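What follows is the residue order along each chain.
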Amino acid sequence: MTLNNRPLLRIAAILALSAATTSAFAQSAEYRRGYDDGYAAGLREAGGGRGEGRGSRIFVEDAEYGTHFASCDARRAVRYQVERNRGTVRADNQLCGDPARGEPKRLRIVYRCGDSEAVRVVARENESVRLSCRR
């Protein structure tokens, strides 16, 4: 191999790695969504029905932010806020972007506590809602 071919080999290797990374990134969003859903279902199965109070867990089954015509999946961001803010979630564009610019939006959440019935809550844009397992 001559010295003149080494830069070309490096460029070819970088291009090959870039193509592989782009493909993996495109698949990772769908993989993450499936992983989150499976993880929540597993937690529900393993720890469901242990009663209310201190050991209760909130399981966010669905969260959608936007309008009737344009919305985004906010489950991941809502789950994060529930964990970090002790059940309080703020309905704003930080959840998953702005799916409908200039339009008033709502955050619709479906959650469970253990094996209880699903609870549905709605918050208007820039309002906060508290998810709770206490009745």
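A closer look at the confidence of the model for the protein chain
On average, residues of the protein chain score 81 in pLDDT, and 70% of them are at 70 or above. Within the protein chain, the element-level pLDDT minimum falls on helix H1 (residues 6-47), averaging 67, and the maximum on strand E3 (residues 88-90), averaging 97. Low pLDDT (under 50) marks residues 48-55, which in the prediction has nine contacts with non-local residues, meaning those over four places away or in another chain.

Focus: the state of the cysteines
Inspection of every chain in the model, using the stated rule, returns two disulfides. Cys72 shares a disulfide with Cys96; S-S distance 1.8 Å. One disulfide, between Cys72 and Cys96, carries an S-S torsion of 55° and so falls in the right-handed class. Residue Cys72 is found in strand E2 (residues 71-73), and its partner Cys96 is found in the loop between E3 and strand E4 (106-113); the two are separated by 24 residues along the sequence. Judged by relative accessible area, which is 15%, Cys72 ranks as buried. A residue is classified by how much of its surface remains accessible, and Cys96, at 28% relative accessible area, is partly exposed. In this model Cys113 forms its disulfide with Cys133; the gap between the sulfur atoms is 2.2 Å. Every disulfide takes its handedness from the sign of the S-S torsion; for Cys113 and Cys133 that torsion is -90°, giving left-handed.

Criteria and thresholds
Residues numbered from 1 in each chain as written. Predicted model: local features only at pLDDT ≥ 70, side-chain atom pairs only at ≥ 80, totals over all residues. Heavy atoms only, no water. pLDDT = per-residue confidence, 0-100. Helix = DSSP H or I, 4+ residues; strand = E, 2+ residues; numbered from the N terminus. Contact = heavy atoms within 4.5 Å. Disulfide = S-S within 2.5 Å. Buried < 20%, exposed > 50% of the residue type's maximum accessible area, 1.4 Å probe, protein only.

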